[in-house]
Amino acid sequence: MPDARYVLVPHPIQDATDDEMRAKAKQALSAIIDALTR
């Protein structure tokens, strides 16, 4: 998939609490939307 877009999310992921994961997702949301709509 040479045209695949991706968004990097800060680690660690595996030990993050639900609240920490929500914060990471919220922080990445605009980049995710941009990657999906470009």
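Residues numbered from 1 in each chain as written. Predicted model: local features only at pLDDT ≥ 70, side-chain atom pairs only at ≥ 80, totals over all residues. Heavy atoms only, no water.

1. Focus on the environment of Thr17
With respect to the helices, strands and loops of the structure, Thr17 is situated in the segment before helix H1 (18-37). Given a relative accessible area of 43%, Thr17 falls into the partly exposed group. The spatial distance from the C-alpha of Thr17 to the C-alpha of Met1 is 32 Å, given a sequence separation of 16 residues. (Helix = DSSP H or I, 4+ residues; strand = E, 2+ residues; numbered from the N terminus. Buried < 20%, exposed > 50% of the residue type's maximum accessible area, 1.4 Å probe, protein only.)

2. Focus on the pattern of salt bridges
Here the structure, examined in full by the defined rule, presents 2 salt bridges. Its salt-bridge partner being Arg22, residue Asp19 comes within 3.0 Å of it at the nearest N-O pair. Here Asp19 and its partner Arg22 are both found in helix H1, 3 residues apart, which amounts to about one turn of the helix. With respect to burial, Asp19 and Arg22 carry one shared label: exposed. (Salt bridge = Lys/Arg side-chain N within 4 Å of Asp/Glu carboxyl O.)

3. Examining the UniProt feature "domain: UGSC-like" (unreviewed entry) in the chain
Feature annotation in UniProt assigns "domain: UGSC-like" (unreviewed entry) to the following positions: residues 1-37. Here residues 1-37 runs as 54% helix and 0% strand, with 17 Å between its end C-alpha atoms. (UniProt positions renumbered as here; feature names shortened; annotations may be inferred.)

4. Things to note about H1
Along its 20 residues, H1 runs 27 Å from first to last C-alpha, staying within 8% of the 28 Å computed at 1.5 Å per residue. Of all the residues in H1, the buried ones are Lys24, Ala28 and Ala35. (Expected span 1.5 Å × (residues − 1).)

5. A look at the side chain of Lys24
Considering the arrangement of structural elements, one finds Lys24 in helix H1. Beyond its immediate sequence surroundings of up to four residues, Lys24 is in contact with Val9, Pro10, His11, Pro12, Ile13 and Ala16. (Contact = heavy atoms within 4.5 Å.)

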